[in-house]
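Fold and geometry: a report
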Amino acid sequence: MTSDRAITLNVLALYALAAVLATAFGAQFILGELPCPLCLLQRIMFALLAIGPILNIRYGPRPSHYALSLLAAIVGAVVSTRQVLLHIMPGDAGYGSTLFGYHFYTLALLAFIAAIALIALVLLFDWQFVTPPASAKAGAFATIAVGLIITLTAGNFASALLECGFKACADDPIAYELMKR
Amino acid sequence: MEFTALFLAITITMLVAWRGPRPLALSLFAVVLIACVATFMHHATDTLKLSF
């Protein structure tokens, strides 16, 4: 796999991460479900996962950039496993609504495990680290992906500020703290 | 509050990764990752009611 192919895969990874964050926003605003602290931490880990691809797009693929994403995915998997275990008791209805029959934290765990496996697979292709990228400048497709993920992360900052205000977030939030009268 | 700060810190790290110096982006990433783990440990004090 050449450097350019690897960069294209990194751009696609950014779009996938943007889709994950957008879906979480969809559940929050369309279904009116406020994210719990562990849910917010999982969103944070998805956003942190995007730093590696951004660096790969800008500087070309490097093992250290993939390592950043691996670390973020491992912590994300630990966080979502924790939430799965919190609701593992028989009869426990779980937290929030479901998508394709799975709660969002279960889907998050699957996504983090998939990310770990995919990064390991991409790391198998040494040639991407040897060949230089055809162009030093990112194209429009990559620039839009980076802009999208930064905008969604900034949106989550605004949403978390509205939800939690200037104190600790509620364990089971039911209203936006800054919108309370 | 800590989650709001983490989202802000990641947004800044993303902007630095895209436009700023690489060493600063890597350093910011390390700080944010440690802060995330610390936040998780802080919130992981509830009793786990496992079914086995």
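Residues numbered from 1 in each chain as written. Chains lettered and ligands numbered in written order. Predicted model: local features only at pLDDT ≥ 70, side-chain atom pairs only at ≥ 80, totals over all residues. Heavy atoms only, no water.

This next bit is on the side chain of Asn156(A). Checked against the element boundaries, Asn156(A) lands in helix H6 (residues 140-164). A relative accessible area of 1% means that Asn156(A) is categorised as buried. When neighbours within four sequence positions are excluded, Asn156(A) is seen to be in contact with Leu21(A), Phe25(A), Arg43(A) and Phe7(B). (Helix = DSSP H or I, 4+ residues; strand = E, 2+ residues; numbered from the N terminus. Buried < 20%, exposed > 50% of the residue type's maximum accessible area, 1.4 Å probe, protein only. Contact = heavy atoms within 4.5 Å.)

Attention now goes to unusual backbone geometry. Even without glycine at this site, Phe100(A) takes up a positive phi of about 55 degrees. Within the secondary structure, Phe100(A) is located in the loop between strand E1 (98-99) and strand E2 (102-103).

Caution is warranted with low-pLDDT regions, since their predicted coordinates should not be read in detail. The pLDDT averaged across chain B works out to 88; a share of 87% of its residues lies at or above 70. Among the prediction metrics, the complex's ipTM stands at 0.90, with pTM recorded as 0.91. (pLDDT = per-residue confidence, 0-100.)

On to the pattern of salt bridges, then. Residues and elements named next belong to chain A. The full count for this structure, using the stated rule, is one salt bridge over all chains. The shortest N-O distance in the salt bridge between Lys 167 and Glu 177 comes to 3.1 Å. Remark: Glu 177 occurs in the segment after H6 and Lys 167 occurs in the segment after H6; sequence separation between them is ten residues. What makes Lys 167 partly exposed here is its relative accessible area of 47%. (Salt bridge = Lys/Arg side-chain N within 4 Å of Asp/Glu carboxyl O.)

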